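Below are the chains, spelled out letter by letter.
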Amino acid sequence: MSTDALDAPPTPSLRTVRLVRDVRPWGGAPVDLHLDGGVITAITPAGPSPAGAAEVDGGRVDGDVVDGRGLLALPGIVNAHAHVDKSWWGLPWQSYGGEGGTDGRIRHERARRDELGIPGARTTAAVLAELVRHGTTAVRSHVDVDLGVGLRGIEAVREAAAAYDGALHVEVVAFPQDGVLRRPGVLDLLHAAARAGAEHVGGLDPASIDRDPVGQVDAVLALAAEHGVGVDLHLHDPAELGAFQIELVADRTERLGLQGRVTIAHGFAVAQLPDAQRADLLARMGALGIAMTTVAPLRLPQLPVAELAAAGVRLGLGTDGIRDLWSPYGTGDTLGIAWQLARASSLVRDEDLLRVVRLATTDGAWAVGRDGHDLVVGARADLVLLDAENPLDALVRTPPRELVLGGGRVLAERA
Ligand SMILES: [Zn+2]
């Protein structure tokens, strides 16, 4: 098996768009969005169709004008937790093998990834194209850094992302998937990754992987403080064990002045604590600006989105790895993850459904360091058009994405 078997992913047209006609932001009244320099510069009531516009299909680009034909417009989807370096998307089917459990999957991945060309720019490009096709305009991706691949994964992601010339916003978490302290040399690689421009540094289950929770949390957060980068820590450890490690992270966040720069990914423990203990923990996390991401795992209790919001804990949604050596599942659709979170949380009221759509778009944009990610004047022109009545309809049906613009340029068009 080699990546020769991999078809080249579609090349983004990156055509510049100046006018998006007749679209309904968040399901409201039809408007025209005027774009310049990659930014929304004006929003006016939808004007009359220009001559010849009837020949242009809805949501299609004609020159630098999009005829939206009344489609729903949402801000570009933000994937706050991806692993774009390690998928076999685009390659022939790979049978699931190896052992279960976090350590079992790590060993299996390290045994097989070379033959699949992982990490590599071609496989990464295939994943990015799939994310973009689903309306993603910004992604925070964990990228494996370990003694086997060093920083090659980060280089592959940078190379694949460069094809979008900045129209797709990609941030990297240098991710020690194989552990930190249990693998002497990995900490040095994380330092090197931060020096080379990784926006965040990661960690993984300090207690159950390194079996040294204080040591890993101390090392990773000190590294982040030294280099001025963010922290994004995978934490699968359950209940009390997980909560204990979040407390360790909170202590060091406060001591090192990392407020607003630390994320707990998964954080299953938060959903597993008694109510009073969870409320105290969330209050502390909110006060320190410690955010969370979830991939809405079907087999576990969901993070309580309303409680997080009430405590001021920012939340982002992500796809996690898709079709990789950990699991054959996943589609690259963060709106689909929003659907999964809403469905598994038994959310049915309009305001709760809207909250989840906002987490996949505007309210998840903190994950890529962006304020004001919305369909408003002055915002970067990242948007997705869908054939849906409103955001709630879009959430429950997850219809195809008709057109995706990043920084006012065409990232993807529905074939
Ligand atoms: Zn992950």
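Note that this is a predicted model, so its numbers are computed, not measured. (Residues numbered from 1 in each chain as written. Predicted model: local features only at pLDDT ≥ 70, side-chain atom pairs only at ≥ 80, totals over all residues. Heavy atoms only, no water.)

So, on to the pattern of salt bridges. This structure, assessed with the given rule, holds 30 salt bridges. In this structure, Asp165 and Arg409 form a salt bridge, with 3.0 Å as the shortest nitrogen-oxygen distance. Of this pair, Asp165 sits in the loop between helix H3 (152-162) and strand E8 (169-175) while Arg409 sits in strand E16 (residues 409-413), and the two are 244 residues apart along the sequence. Residue Asp165 is classed as exposed on the basis of its relative accessible area of 51%. The residue Asp363 makes a salt bridge to Arg358 at a minimum N-O spacing of 3.1 Å. Taking the relative accessible area as the measure of exposure, Arg358 reaches 26% and is therefore partly exposed. Residues participating in the shared-partner salt-bridge network are Lys86, Glu109, Arg110, Arg113, Asp144 and Asp146. (Salt bridge = Lys/Arg side-chain N within 4 Å of Asp/Glu carboxyl O. Helix = DSSP H or I, 4+ residues; strand = E, 2+ residues; numbered from the N terminus. Buried < 20%, exposed > 50% of the residue type's maximum accessible area, 1.4 Å probe, protein only.)

Here we have eight strands laid out as an open sheet, ordered E6-E7-E8-E9-E10-E11-E12-E13, and parallel in their pairing. Across the chains shown, the open sheet's two edge strands, defined by having one partner strand only, are strand E6 (77-82) and strand E13 (315-317). Here the average twist between neighbouring strands, direction ignored, is 25 degrees. Where strand E12 (residues 290-294) lies against E13, three bridges are found, and the strand directions are parallel. Residue pairing across strands places Met292 opposite Leu315, the latter belonging to E13. Contacting E6 and E13, helix H11 (residues 350-360) runs over the sheet at an angle of about 75 degrees to E13. (Pairing = 2+ DSSP bridges. Axes fitted to C-alpha atoms, helices over the stretch in contact; angles between N-to-C directions. Contact = heavy atoms within 4.5 Å.)

Now for the domain arrangement of the protein chain. It is common to give the size of an interface as the accessible area lost on bringing the parts into contact. One can read the domain layout of the protein chain as domain 1 (19-76 + 374-413) and domain 2 (77-368). Averaged C-alpha coordinates put domain 1 and domain 2 at centres separated by 30 Å. Across the boundary between the two partners, domain 1 contributes 24 residues, which contact 29 residues of domain 2. Ranking the residues of domain 1 by area buried against domain 2 places Leu395, Arg401 and Leu411 at the top, with a combined share of 32%. Inspection of the region where domain 1 meets domain 2 yields two salt bridges. Among the salt bridges present, the one from Asp333 reaches Arg401, with a minimum N-O distance of 2.9 Å. On the surface where domain 1 and domain 2 come into contact, there are seven residue pairs in polar contact (both at pLDDT 80 or more). Put simply, the parts of the chain that give the side of domain 1 that touches domain 2 at least two residues each are strand E5 (65-75), strand E14 (383-386), helix H12 (391-397), strand E15 (401-406) and E16. Looking at the side of domain 1 that touches domain 2 residue by residue, the class counts come to 15 nonpolar, four polar and five charged. (Domains from an automatic or database assignment. Buried area = accessible area lost by both parts, 1.4 Å probe. Polar contact = N/O pair within 3.5 Å; in protein donor to acceptor, adjacent residues only side chain to side chain. Nonpolar A, V, L, I, M, F, W, Y, C, P; charged D, E, K, R; others polar.)

As a further point, take the coordination of the zinc ion. Summarising the metal site, the zinc ion is bound by the protein donors His81 (NE2), His83 (NE2), His234 (NE2) and Asp320 (OD), whose distances to it range over 2.1 to 2.4 Å. The coordination sphere of the zinc ion comprises four donor atoms, whose angles at the metal cover 89 to 169 degrees; the geometry is irregular. Counting gaps between the donor residues of the zinc ion yields the pattern H-x1-H-x150-H-x85-D. A relative accessible area of 1% means that His81 is categorised as buried. (Donors = N, O, S within 2.8 Å, 3.2 Å for Na, K, Ca; no water. Tetrahedral: all angles 85-135°; square planar, octahedral: opposite > 155°, others 65-115°.)

Take the packing of helix H5 (residues 213-227) against helix H6 (residues 239-256) next. Packing of H5 against H6 leaves a shortest axis separation of 10 Å and a crossing angle of 35 degrees. H6 is crossed by H5, and the crossing has right-handed handedness. Here Pro213, Val214, Val217, Asp218, Leu221, Ala222 and Ala225 of H5 lie close against H6, whose contacting residues are Phe244, Gln245, Leu248, Val249, Arg252, Thr253 and Leu256. Split into classes, the residues belonging to the contact of H5 with H6 amount to ten nonpolar, two polar and two charged. (Left-handed = near helix turned anticlockwise from the far one by under 90°.)

Looking now at the nonpolar core. Counting 90 residues, the largest nonpolar core has Ile264, Met285 and Met292 as the members making the most contacts within it. No other element matches the seven residues that helix H2 (residues 121-133) contributes to this core. Three or more residues apiece are contributed to this core by two domains, here domain 1 (19-76 + 374-413) and domain 2 (77-368). With 17 residues, the next largest nonpolar core counts Ile40, Ala73, Leu375 and Ala381 among its residues. (Core = buried A, V, L, I, M, F, W, Y, C linked by side-chain atoms within 4.5 Å.)

Contact geometry for helix H10 (residues 334-344) and H11: axes closest at 9 Å, N-to-C directions at 145 degrees. By crossing handedness, the relation of H10 to H11 is classed as right-handed. Residues Thr334, Ala338 and Ala342 of H10 form the contact with H11, whose own contacting residues are Leu353, Val356 and Ala360. Across the contact of H10 with H11, the residue classes break down as five nonpolar, one polar and no charged.

Here the focus is the packing of aromatic side chains. The full count for this structure, using the stated rule, is one aromatic pair. Ring plane angle 90 degrees and centroid distance 5.2 Å describe the contact between Trp88 and Trp93, whose orientation is recorded as edge-to-face. On the basis of relative accessible area, Trp88 is assigned to the buried category, the value being 1%. Classification of Trp93 by relative accessible area gives exposed; the value is 55%. The ring of Trp89 has Arg323 lying over it, and the distance from NZ or CZ to the ring centre is 4.8 Å. (Phe/Tyr/Trp six-rings, centres within 6.5 Å; stacked < 30°, edge-to-face > 60°. Lys NZ or Arg CZ within 6 Å of the ring centre and 35° of its normal.)

For Thr137, the position within the fold is in strand E7 (residues 136-144). Take Thr137: its relative accessible area is 0%, and that puts it in the buried class. Those residues within four positions of Thr137 in sequence are excluded, and the remaining contacts are Gly76, Ile77, Ala167, Leu168, His169, His373, Asp382, Leu383, Val404, Leu405, Gly406 and Leu411.

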